[in-house]
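One letter stands for each residue in the lines below.
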Amino acid sequence: MNTAPMDADYTPRYIRLAKLLRGWIEDGTYPPGSLLPSATRLAELHTVSKATARHALEVLVKSGHARHVESKPHQVIWRQAGLNNPDSTVDGLTI
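Let me sum up the structure you'll find in this document. The shown structure was predicted, so the numbers you read here are calculated from the model rather than taken from an experiment.

### Quick look at the nonpolar core
And step 1. In this structure, Leu17, Leu21, Ile25, Leu36, Ala53, Leu57 and Leu60 are the most contacted members of the largest nonpolar core, which totals 20 residues.
And step 2. A per-element tally of this core places helix α1 (residues 13-26) first, with six residues.
And step 3. Those residues in contact with Leu36 that lie beyond four places of it in its chain are Ile25, Tyr30, Leu57, Leu60, Ala66, Pro73, His74 and Val76.

### Comments concerning the packing of helix α2 (residues 39-46) against helix α3 (residues 50-62)
And step 1. Put simply, α2 and α3 touch, their axes get as near as 8 Å, and they point 115° apart. As far as their axial angle goes, α3 and α2 are roughly perpendicular. As for how α2 packs across α3, the hand of that crossing is right-handed. Between α2 and α3, the contacting residues are Ala39, Thr40, Leu42 and Ala43 on the first element and Lys50, Ala53, Arg54 and Leu57 on the second.
And step 2. A breakdown of the residues in the contact of α2 with α3 according to their chemical character gives five nonpolar, one polar and two charged.

Conventions and cut-offs
Residues numbered from 1 in each chain as written. Predicted model: local features only at pLDDT ≥ 70, side-chain atom pairs only at ≥ 80, totals over all residues. Heavy atoms only, no water. Core = buried A, V, L, I, M, F, W, Y, C linked by side-chain atoms within 4.5 Å. Buried < 20%, exposed > 50% of the residue type's maximum accessible area, 1.4 Å probe, protein only. Helix = DSSP H or I, 4+ residues; strand = E, 2+ residues; numbered from the N terminus. Contact = heavy atoms within 4.5 Å. Axes fitted to C-alpha atoms, helices over the stretch in contact; angles between N-to-C directions. Parallel < 35°, antiparallel > 145°, perpendicular 65-115°, else oblique. Left-handed = near helix turned anticlockwise from the far one by under 90°. Nonpolar A, V, L, I, M, F, W, Y, C, P; charged D, E, K, R; others polar.

Printed below as a string of structure tokens:
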């Protein structure tokens with residue numbers, strides 16, 4: 001019988017990366033107007049595929065934390081308003 005360790009994280013990698021980036025956006029590491037790393041750079045830094053990195057960036061766009069214009073880097077648009085932004089649900093998953 002094949003069992004996973006009790007502390008195994010079954011959250012998809014793109015959601016884990018999106019949460020990490022969202023945290024950096026919300027704590028000001030990436031302030032509004034700043035540019036996020038490219039999917040290629042994120043893939044290198046976080047040891048994920050480019051597709052996973054692109055999916056994480058897409059989640060940030062859907063959750064309102066970033067915007068993307070074709071052939072341009074993703075740009076942070078989220079602005080903290082009083083209380084912390086509650087978790088966002090994107091594609092049925094909470095980020």
